[in-house]
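# Chains, contacts and geometry: an overview
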Amino acid sequence: QVQLVESGGGLVQPGGSLRLSCTASGYTLSYYAIGWFRQATGKEREAVSCISSSGEPFQSDSMRGRFIVSRDKAKNTVSLQMNTLKPEDTAVYYCAAQMLHGDTCSLSRSDYVYWGRGTQVTVSS
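Read on for an overview of the structure. (Residues numbered from 1 in each chain as written. Predicted model: local features only at pLDDT ≥ 70, side-chain atom pairs only at ≥ 80, totals over all residues. Heavy atoms only, no water.)

## Regarding the sheet that holds strand 1 (residues 4-7)
Strand order across the open sheet formed by four strands is 1-3-8-7, with antiparallel pairing between neighbours. Both edges of this open sheet fall to strand 1 and strand 7 (67-72), since each of them pairs with a single strand only. Averaged over all adjacent pairs, the angle separating strand axes in this sheet is 20°, with direction ignored. In this structure, strand 1 lies alongside strand 3 (residues 18-24), joined through four bridges in antiparallel fashion. Of the residues in strand 3, the one forming a bridge with Ser7 is Ser21. (Pairing = 2+ DSSP bridges. Helix = DSSP H or I, 4+ residues; strand = E, 2+ residues; numbered from the N terminus. Axes fitted to C-alpha atoms, helices over the stretch in contact; angles between N-to-C directions.)

Put into structure tokens, the structure is as follows:
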């Protein structure tokens with residue numbers, strides 16, 4: 001079973017940036033499409049972004065232009081660069097893995113089998 005671990009969350013002021021990372025021990029992430037999701041208190045989990053196994057990124061429309069997903073195959077890591085953060089970006093951020101090869105990935109949480117435990121991002125002054 002793939003075990004994913006997110007890191008990089010924390011407290012940041014509005015307008016600031018954070019970089020989240022998703023890693024896996026014992027598994028090569030490049031075999032998987034990786035999705036980023038977030039869940040704010042009292043709300044449903046929503047898609048942020050995903051990246052295909054080949055490295056093609058896809059963004060949720062609401063976060064396009066501020067959030068950038070990328071892969072580093074040498075480090076076996078998928079990162080989510082978050083810029084111009086807003087208080088409404090406050091949430092627990094999760095990465096998830098989907099066994100899917102090629103140039104596509106899904107922004108539907110039901111397509112993902114493996115999930116990390118999440119990292120808290122708080123945007124506040």
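## Quick word on unusual backbone geometry
At Asn76, a position not held by glycine, the phi torsion is positive, near 55°. With respect to the helices and strands, Asn76 occurs in the loop between strand 7 and strand 8 (77-82). Positive phi values are uncommon outside glycine, yet Thr84 reaches one of about 50°. Here Thr84 shows up in the loop between strand 8 and strand 9 (91-98).

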